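Here are the chains, one letter per residue:
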Amino acid sequence: MSDGASPQPELFDHVVNLCKRRGFVFPSAEIYGGFRSTYDYGPVGVLMLRNVKDAWWRSIVQRRHDVVGLDASILGPPQVWEASGHLTNFTDPLVDCRECGQRFREDSLESGDVCPHCGAEKSFTEARQFNLMFKTQAGPVSGADAYLRPETAQGMFINFANVQFTSRKKPPFGIAQIGKSFRNEITPGNFVFRTREFEQMEMEYFVPPDEAQKWYDYWCGERLDWYVELGIDPGLLRLRPHGDDELSHYSSETSDVEFLFPWGWGELEGIANRGDYDLIQHADHSGHRLDFFDQATNTRYVPHVIEPAAGATRAMMAFLIAGYRTEMVRDEERTVLGLHPRIAPFVAAVLPLSRKAELIEPAQKLFSELAEHFNTDFDETQAIGKRYRRQDEIGTPYCVTYDFDSLDDGAVTIRDRDTMDQVRIPLAGVVPWIQAKLV
Ligand code: GAP
């Protein structure tokens, strides 16, 4: 889909700075010097991240009758990860620099023999396989071994029978889940792109085996479209099939939806054909039957699985980068986050033109009305121009200004973030006017 756009390295710093300055993302434990690769989502960041997850849930679960939701536990016993293959296969090749002691993922080293930290040549140890799962103990004093899940997917497989029985769904049907996953990444980095704690949005779509290819193609198309519908320029997206040497241990075919990050193309989401690998593994290891009896044909089969697996935190970063722009307006630079109204932290901001009580009170009433329907900000500080700029920077699509004329004509001005055009709307029409933009 890419039309030859090129990476923009300077964008990265601009977006990271904006995230800190405006309360999207803070380095975690900052007052203690930070804790590498962990981040906290601030007042506007938490709204945006929830919007990303809500947009995914809306498209994958709410608007479909063939997909149901699940919220499975994060902690799991070793048996789950033994069966899934993660205890054996979920590893990255790790090398140490003998000179400076730094550790690297072997396959991430750009110039094979040279240490990126100290510049020493040919100083690396032999690669050894490092398991990325976080291990812990459940229960006091030498409790049972447990793992933090490295993907949400296994929760869907081990609940296949529970969900299928209670929902009465027949293949093709899906189980979807959003939640935290944990990986002890050797080289986290690029802000929230690769972290050790992150959020995933995954769906396991169970299909009759002979329909797997059809559904794989279908979900590749659907998932690419989702990012475009939410405002990412198609020239910044592409679908890249994995080579045989890249495939995960469970996959026979995978394509990544990639985004042109400031440092180059990077994965946003993988769509994998997992075949019957997971259900067979869990059936064998648990002794429980995990298959489907098709009454129409009187046959029993193990469904195959097509899995679109996305990162919520990574998607949020892509939306921020894709939306960021600066432009000159009457000799003054303005920074705009051109976020889709469904993704923007606030859909609207109510701005009383002055701090006089005669405006503040009705403006607060309007805020309460709007806040019933969507995230709304209220800002009475500073000059109106500065308030517009602040809302532009956090991506608020519509600023609603309550002015002195409003007291007489019962109308307000709505300013569009992108065009800066203003329209006068009767108070009673504000909610439907904005709601029409959210479709
Ligand atoms: N169940 C399949 C699975 O987990 P994956 O490609 O390893 O597949 C899916 O992960 C998505 O999760 C990735 O495309 C990415 O968006 C996100 N993700 C994976 N590791 C991540 C990390 N360390 N930090 C942030 N997001 C990550």
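Residues numbered from 1 in each chain as written. Predicted model: local features only at pLDDT ≥ 70, side-chain atom pairs only at ≥ 80, totals over all residues. Heavy atoms only, no water.

A look at the pattern of salt bridges
Under the defined criterion, the tally for this structure stands at 34 salt bridges. Linking Arg105 and Asp92 is a salt bridge whose minimum nitrogen-to-oxygen distance equals 3.8 Å. Residue Arg105 is located in strand 6 (residues 103-105), and its partner Asp92 is located in strand 5 (residues 91-96); the two are separated by 13 residues in the primary sequence. Judged by relative accessible area, Arg105 falls into the buried class, the value being 16%. In this structure, Glu258 engages Arg240 in a salt bridge whose closest nitrogen and oxygen atoms are separated by 2.8 Å. (Salt bridge = Lys/Arg side-chain N within 4 Å of Asp/Glu carboxyl O. Helix = DSSP H or I, 4+ residues; strand = E, 2+ residues; numbered from the N terminus. Buried < 20%, exposed > 50% of the residue type's maximum accessible area, 1.4 Å probe, protein only.)

Here we look at the packing of helix 1 (residues 9-22) against helix 9 (residues 312-323)
Helix 9 packs onto helix 1 with a crossing angle of 110 degrees between their chain directions and a minimal axis gap of 10 Å. Considering their axes alone, helix 1 and helix 9 lie roughly perpendicular with respect to each other. As for the relative orientation of helix 1 and helix 9, their crossing is right-handed in sense. Of helix 9, the residues touching helix 1 (which contributes Leu11, Phe12, Val15 and Cys19) are Met317, Leu320 and Ile321. (Axes fitted to C-alpha atoms, helices over the stretch in contact; angles between N-to-C directions. Parallel < 35°, antiparallel > 145°, perpendicular 65-115°, else oblique. Left-handed = near helix turned anticlockwise from the far one by under 90°. Contact = heavy atoms within 4.5 Å.)

Some remarks on the domain arrangement of the chain
Segmentation of the chain into domains returns domain 1 (9-76 + 150-320) and domain 2 (346-437). Computed over C-alpha atoms, the centres of domain 1 and domain 2 are 36 Å apart. Domain 1 puts seven residues into the contact, and the matching count from domain 2 is five residues. Taking both partners together, domain 1 and domain 2 bury about 610 Å²; carbon and sulfur atoms supply 52% of that area. Among the residues domain 1 hides against domain 2, the three largest losses belong to Arg22, Val44 and Leu47. Together they make up 66% of the total. Counting the contacts that link domain 1 with domain 2 gives two salt bridges. Across the domain 1-domain 2 interface, the total number found is two residue pairs in polar contact (both at pLDDT 80 or more). Of all the secondary structure elements, the ones that give two or more residues to the side of domain 1 that touches domain 2 are helix 1 and helix 2 (43-62). Across the side of domain 1 that touches domain 2, the residue classes tally to four nonpolar, one polar and two charged. (Domains from an automatic or database assignment. Buried area = accessible area lost by both parts, 1.4 Å probe. Polar contact = N/O pair within 3.5 Å; in protein donor to acceptor, adjacent residues only side chain to side chain. Nonpolar A, V, L, I, M, F, W, Y, C, P; charged D, E, K, R; others polar.)

Overview of a nonpolar patch on the surface
A grouping of Leu353, Phe404 and Leu407 is seen on the molecular surface, where their side chains present a nonpolar patch of about 230 Å² in accessible area. With respect to the helices, strands and loops of the structure, Phe404 is situated in helix 12 (residues 404-409). (Patch = residues over 30% accessible without salt bridge, like charges linked within 9 Å, V, L, I, M, F, W, Y side chains within 5 Å. Areas by Shrake-Rupley, 256 points an atom, 1.4 Å probe, with all protein chains shown as cover.)

Describing the site of the ligand
The immediate surroundings of the ligand are formed by 21 residues, with Glu151, Glu185, Thr195, Glu202 and Glu267 found nearest. Here an oxygen atom of the ligand and a backbone polar atom of Leu268 are 2.9 Å apart. Among the secondary structure elements, those contributing two or more residues to the shell around the ligand are strand 11 (197-207), strand 14 (264-275) and strand 17 (304-311). Broken down by element, the residue count for the shell around the ligand peaks at five residues, all from strand 14. Residues belonging to the shell around the ligand are distributed by class as follows: seven nonpolar, four polar and ten charged. (Near = heavy atom within 4 Å.)

So, the nonpolar core
Counting residues in each nonpolar core, the largest one holds 59 residues, and the members touching the most others are Phe24, Met201, Trp226, Tyr227 and Phe319. The greatest single-element share of this core, amounting to nine residues, is contributed by helix 2. Residues Leu370, Ile414, Val430 and Val431 belong to the second largest nonpolar core, which totals 18 residues. (Core = buried A, V, L, I, M, F, W, Y, C linked by side-chain atoms within 4.5 Å.)

Brief notes about the packing of aromatic side chains
If you walk through the whole model with that rule in mind, you get 22 aromatic pairs. Seen in terms of ring centroids, Phe261 and Trp263 are 4.8 Å apart; in terms of plane orientation they differ by 10 degrees. Their pairing is stacked. By relative accessible area, Phe261 is classed as buried at 0%. The class of Trp263 is partly exposed, set by a relative accessible area of 33%. Through pairs of rings, three or more aromatic residues link up here, namely Phe12, Phe193, Phe259, Phe261 and Trp263. Residue placement shows Arg314 over the ring face of Phe193; its charged tip is 3.7 Å from the ring centre. Positioned above the aromatic ring of Tyr388, the side-chain terminus of Arg415 is 4.4 Å from the ring centre. (Phe/Tyr/Trp six-rings, centres within 6.5 Å; stacked < 30°, edge-to-face > 60°. Lys NZ or Arg CZ within 6 Å of the ring centre and 35° of its normal.)

What to know about helix 13 (residues 430-437)
When we look at burial in helix 13, the residues that qualify are Val430, Val431 and Ile434. The buried residues of helix 13 occupy an angular sector of 95 degrees when the element is viewed end-on, so they sit on one face. (Arc of directions from axis to C-beta.)

Points about the sheet that holds strand 21 (residues 376-378)
If you walk across this open sheet you meet the five strands as 21-20-22-23-24, and the pairing is mixed. Across the chains shown, the open sheet's two edge strands, defined by having one partner strand only, are strand 21 and strand 24 (422-426). If you compare each strand with its neighbour and ignore which way they point, the axes differ by 25 degrees on average. Direction of pairing for strand 20 (residues 348-352) relative to strand 22 (residues 398-402): parallel, over a ladder of five bridges. From the neighbouring strand, Ala348 faces strand 22, where its bridge partner is Tyr398. (Pairing = 2+ DSSP bridges.)

Focus: the side chain of His86
On the secondary structure map, His86 appears in helix 4 (residues 86-89). Every residue in contact with His86, bar those within four places of it in the chain, is listed here: Trp81, Asn131, Met133, Pro150, Glu151, Gln154 and His249.

Comments concerning the packing of helix 2 against helix 7 (residues 212-229)
Axes are the key here: two packed helices are described by the angle between their axes and the distance separating the axes. Relative orientation of the contacting elements helix 2 and helix 7 amounts to 145 degrees, with a least axis distance of 12 Å. When you trace helix 2 past helix 7, the crossing you get is right-handed. Of helix 7, the residues touching helix 2 (which contributes Val52, Ala55, Trp56, Ser59 and Ile60) are Trp219, Arg223 and Trp226. When the residues that make up the contact of helix 2 with helix 7 are grouped by side-chain class, the tally is six nonpolar, one polar and one charged.

A few points about the environment of Phe165
Tracing the sequence through the fold places Phe165 in helix 6 (residues 160-167). Taking the relative accessible area as the measure of exposure, Phe165 reaches 59% and is therefore exposed. For Phe165 and Phe292, which are 127 residues apart along the polypeptide, the C-alpha to C-alpha distance reads 9.9 Å.

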